[in-house]
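Chain residues, written in single-letter form:
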Amino acid sequence: MQGIGNDFVVIDAYSQAIELTSDQIRQLADRHFGIGCDQLLLVEKPTNPSADFRYRIFNADGGEVEQCGNGARCFVRFVHDKKLTTKTQITVETANGLIYPTLEDNGLVTVNMGAPQFEPSQIPFIADANAITYQLNVADTEVEISTVSMGNPHAVQIVEDINTAPVSVHGPIIENHPRFPQRVNAGFMQIIHPHEIRLRVFERGAGETLACGTGACAAAVAGINLGKLQSPVKVMMRGGNLNICWNGGNSPVMMTGPAVHVFSGEITI
Ligand SMILES: N[C@@H](CCC[C@H](N)C(=O)O)C(=O)O
């Protein structure tokens, strides 16, 4: 499946028992020796009685992570296509609590991603105090970043020109920066006007992807907190656009976009 070019192998572990090792996930995610994907998603029975499904996310490097926005939309499309539910509003258990996706009449999916978190210990990020921006030393350059948790960690910076931003060079340095003990997704945003940005994200455990849903939420939230953006924000990424709404404070971030089935198949591993 793909959500604006962020691609997924989605496995029905609801109707069948499936356990995968990190090696098997890396093999499935490999674009030359496997199927190829940015993330592998498992659809499971919930452990939380309030939820309809449990949603587990693994990066292409085999590591399990807490949240994935584009994946959440594909998750909804998948459980409908597989007829695992007929509900258009579902409650999904993730490693970071519940999220609430809705399948819209027009086929788009809106996900209530919950409230963003900024406390450094919740990112986690090593800092003396909670601030709107921080200086981060990246390859002997001081870069101004905002840190946001959308369930998973994000470091967002504003750049002049998205096409010349040093995503492939600074991305991996920020991802593995010692001030982010669990690594981080590195976002680079160019502000076009208060309701529109361009964004590229170097994702933790996957490299630069064509789009990142939680990265889009984090960038919109960071820009709103800085007084440079206003909700709703159209986030334009290389694979397509998302619409992000956030009313500030503890209100939830709402993300709307498409989710597309590409092909189904079987593989022996
Ligand atoms: N592509 C995703 C995010 C996937 C997880 C991320 N790489 C992480 O390690 O936190 C999205 O659409 O949000």
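Before any of the text, the structure's been laid out above.
The paragraphs below set out a description of the structure included in this document. (Residues numbered from 1 in each chain as written. Predicted model: local features only at pLDDT ≥ 70, side-chain atom pairs only at ≥ 80, totals over all residues. Heavy atoms only, no water.)

### Some words on the site of the ligand
Logical step 1: The immediate surroundings of the ligand are formed by 15 residues, with Asn6, Gly69, Arg204, Gly213 and Thr214 found nearest.
Logical step 2: A total of 360 Å² of accessible area belongs to the ligand in isolation, and the protein chains cover 100% of it.
Logical step 3: Taken atom by atom, the bulk of the ligand overlaps the largest cavity.
Logical step 4: Looking at the shell around the ligand, the elements with two or more residues in it are α2 (69-81) and α4 (213-225).
Logical step 5: When residues are assigned to domains, the shell around the ligand turns out to be shared by domain 1 (2-103) and domain 2 (120-256), each giving three or more. (Near = heavy atom within 4 Å. Areas by Shrake-Rupley, 256 points an atom, 1.4 Å probe, with all protein chains shown as cover. 1 Å grid on protein atoms, 1.4 Å probe; cavity = no way out; pocket = protein on both sides within 12 Å on 5 of 7 lines; lining within 4 Å. Sits in = over half its atoms within 2 Å of the grid points. Helix = DSSP H or I, 4+ residues; strand = E, 2+ residues; numbered from the N terminus. Domains from an automatic or database assignment.)

### Concerning the nonpolar core
Logical step 1: Within the largest apolar cluster, 52 residues are counted, with the highest numbers of intra-cluster contacts made by Tyr55 and Ile244.
Logical step 2: Taken domain by domain, this core gets at least three of its residues from each of domain 1 (2-103) and domain 2 (120-256).
Logical step 3: Core analysis: the second largest hydrophobic core is formed by 18 residues, Ile123, Val143, Ile145 and Ala186 among them. (Core = buried A, V, L, I, M, F, W, Y, C linked by side-chain atoms within 4.5 Å. Buried < 20%, exposed > 50% of the residue type's maximum accessible area, 1.4 Å probe, protein only.)

### Some thoughts on the pairing of strand β13 (residues 196-203)
Logical step 1: The buried fraction of β13 amounts to seven of the eight residues, a majority that puts the element mostly inside the structure.
Logical step 2: Of the pairings in the sheet, the one linking strand β12 (residues 185-193) to β13 comprises seven bridges and is antiparallel in character. Bridging across to β13, Ile191 finds its partner in Ile197.
Logical step 3: What sits between the antiparallel neighbours β12 and β13 is a turn of two residues.
Logical step 4: In this sheet, strand β15 (residues 233-237) lies alongside β13 in parallel orientation, the contact comprising three bridges. Looking across to β15, one finds that Arg198 is bridged to Met236.
Logical step 5: Where β13 meets strand β14 (residues 207-209), three bridges bridge the pair, whose relative direction is antiparallel. By the bridge assignment for β14, Val201 is matched with Thr209.
Logical step 6: Where β13 folds back on β14, the antiparallel hairpin that results is connected by three residues, among which Gly205 adopts a positive phi of roughly 75°. (Pairing = 2+ DSSP bridges.)

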